[in-house]
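Spelled out, the chains give:
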There are 2 protein chains.
Amino acid sequence: MDPSTPHEAALCGLRARKKQRTRDSLIRAALELFTAQGYEATTVDEIAAAVDVSQRTFFRYFSNKEEVAFAVQEMVEARFLEELRHRPADEAPLTALRSSVMAAWDGIAASIEPIVPVELHMRAYQMIESTPALIAAHMRRSCDLEEEIARLLARREGLDADRDPRPRVLVGAFNGVMRAAGKAWSEGDEVTVASIRELTHSYLDHIGPALDDNWREER
Amino acid sequence: MDPSTPHEAALCGLRARKKQRTRDSLIRAALELFTAQGYEATTVDEIAAAVDVSQRTFFRYFSNKEEVAFAVQEMVEARFLEELRHRPADEAPLTALRSSVMAAWDGIAASIEPIVPVELHMRAYQMIESTPALIAAHMRRSCDLEEEIARLLARREGLDADRDPRPRVLVGAFNGVMRAAGKAWSEGDEVTVASIRELTHSYLDHIGPALDDNWREER
DNA sequence: GACATTAATGTCAGCCACTGACAGTTGACA
DNA sequence: TGTCAACTGTCAGTGGCTGACATTAATGTC
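Cut-offs applied
- Residues numbered from 1 in each chain as written.
- Chains lettered and ligands numbered in written order.
- Predicted model: local features only at pLDDT ≥ 70, side-chain atom pairs only at ≥ 80, totals over all residues.
- Contact = placed C-beta atoms within 7 Å.
- Helix = DSSP H or I, 4+ residues; strand = E, 2+ residues; numbered from the N terminus.
- Nonpolar A, V, L, I, M, F, W, Y, C, P; charged D, E, K, R; others polar.
- Least-squares fit on C-alpha atoms with pLDDT ≥ 70 in both.
- Near = placed C-beta within 6 Å.
- UniProt positions renumbered as here; feature names shortened; annotations may be inferred.
- Core = buried A, V, L, I, M, F, W, Y, C linked by C-beta atoms within 7 Å.
- Buried ≥ 20, exposed ≤ 12 C-beta atoms within 10 Å, placed from the backbone.
- Domains from an automatic or database assignment.

**Here we look at the interface of chain A and chain B**
Moving on, step 1. Contacts between chain A and chain B engage 36 residues on the former and 36 residues on the latter.
Moving on, step 2. Elements that contribute at least two residues to the side of chain A that touches chain B include exactly α5 (93-106), α8 (132-157) and α9 (166-187) of chain A.
Moving on, step 3. Here the side of chain A that touches chain B is built from residues that sort into 22 nonpolar, seven polar and seven charged.

Here you go:
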């Protein structure tokens, strides 16, 4: 809300500020170690040592090693959901999804820069996509996100998400496309926000044509 | 190939037969324990003890605890891929996918019954869908499958999967729908093959309409 | 049928992620 | 300033997983 405060909400007391600082440091240290030497090769003890806290303290901030790897991702997702909640009601569902993704990419610097440089986050994202254990976690998280998006869309359209499968189906398809784009990006060598934004955009353009019965006479 | 032999390929020597038996027993014991008392609550030592081998031996058959939970699933997937490879070339991509899934469900008893009762596998599937750690693994496996299916479809249609995003996009959407169906099934109380077959069928029917711009005036 | 070869298994020691319990320290607030 | 509550460190322990080495058992050969 107020851009003068570091980030997030209140942060009033000294205690809260200290906590926030520890958390941020842990995230930054973790991402730096992960991207430098790999996720598996980095132990939790190392991360804790880099911030000069005990291993036990690490696990009080993050319920497991994976979680710290997704801390920034989570902020981006929150931003996406926020955008989606504010799309005009007359926008078509798929259009609303697309616009929200684009807006989230455009505002990424503002969302996360107080904690980690965007460039580090991008490298971290690439690392996630190339580490089996993290791919798995990433998928599960996407699944939870899907659920939330589906409910949001259903409400927007005045449907019951539990009875009408269309919201889930659309979100499932949307998510599949997003994953495909993320994967393609991470395998390329352009590790920039601009390039993934571009890729997402063009992949989403294919969601209609890809479902057509006939691919052979189209190009 | 030859239905008189237990399953899979050769199995000639006594050694190979013994190995197969140990593997099958581990799978059965694991699924029984998992479904009875939960995945997390079951230790690898317990599974090994139930088959009377050492824990170390368990890890020589399965590279981790998750893997044994998906051993049967893997056979079903193999069956699906086999179906897909044999669909007529003039069938539209989405139709080929749908037919293959249906065929895989129809032939599931024949595929797995030599190892575990279908009913146990169904309960195991439900357990997977309600265990966070396994959901994650499930997602990752789906991802790998997606890759394979996309390449298969691309070849079928004479496209280059690395240059044309349509195969990936379609498979992403398809997979999303399949997951949504699996999830809905696992949350219901009809734990039968027939019911998931039915559900899959009807969810796939929605893949077209769900992408339409307007949901409100359709029903 | 005895013998060397090779695969499968068991045992043991050890790493790492993660947790519960308890004690010590340090902000918050009257 | 003293009390309370939150935060942290230490320690001991569990469970997943691995490498190294010794043991056992199937196989192919003479």
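Let us keep going from here.
**Thoughts on the relation of the copies chain A and chain B**
Moving on, step 1. Rotating chain A by 180° and translating it 0.0 Å along the rotation axis places it on chain B, where the RMSD comes to 0.1 Å. Here the symmetry operator amounts to a two-fold rotation axis. Of every C-alpha in chain A, the one belonging to A:A173 sits nearest the axis of rotation, 1.8 Å from it.
Moving on, step 2. When the interface residues of chain A are mapped onto chain B, 100% of them again lie at the interface, so the same face is used by both copies.

**A few points about the protein's contact with DNA strand D**
Moving on, step 1. Around DNA strand D, the structure places 19 residues, and the nearest of them are A:R56, A:T57, B:G13, B:N64 and B:K65.
Moving on, step 2. Within the residue set of the surface near DNA strand D, elements represented by two or more residues are α1 (14-37) and α3 (55-61) of chain A together with α1 (14-37), α2 (44-51) and α3 (55-61) of chain B.
Moving on, step 3. Each residue belonging to the surface near DNA strand D can be placed in one class, and the counts come to four nonpolar, seven polar and eight charged.

**A look at the UniProt feature "domain: HTH tetR-type" (unreviewed entry) in chain A**
Moving on, step 1. Those residues carrying the UniProt feature "domain: HTH tetR-type" (unreviewed entry) are residues 20-80 of chain A in this numbering.
Moving on, step 2. Helix makes up 80% of residues 20-80 of chain A and strand 0%, with an end-to-end C-alpha separation of 23 Å.

**Thoughts on the nonpolar core**
Moving on, step 1. By size, the foremost hydrophobic cluster in this structure holds 107 residues, and its most contacted members are A:A30, A:A173, A:V177, B:A30, B:A69, B:A173 and B:V177.
Moving on, step 2. Taken together, domain 1 (14-64) and domain 2 (70-211) of chain B each give at least three residues to this core, which thus spans both.
Moving on, step 3. What B:A173 contacts, discounting residues up to four positions off in sequence, is A:G172, A:A173, A:G176, A:V177, A:I207, A:A210, A:L211 and B:I207.

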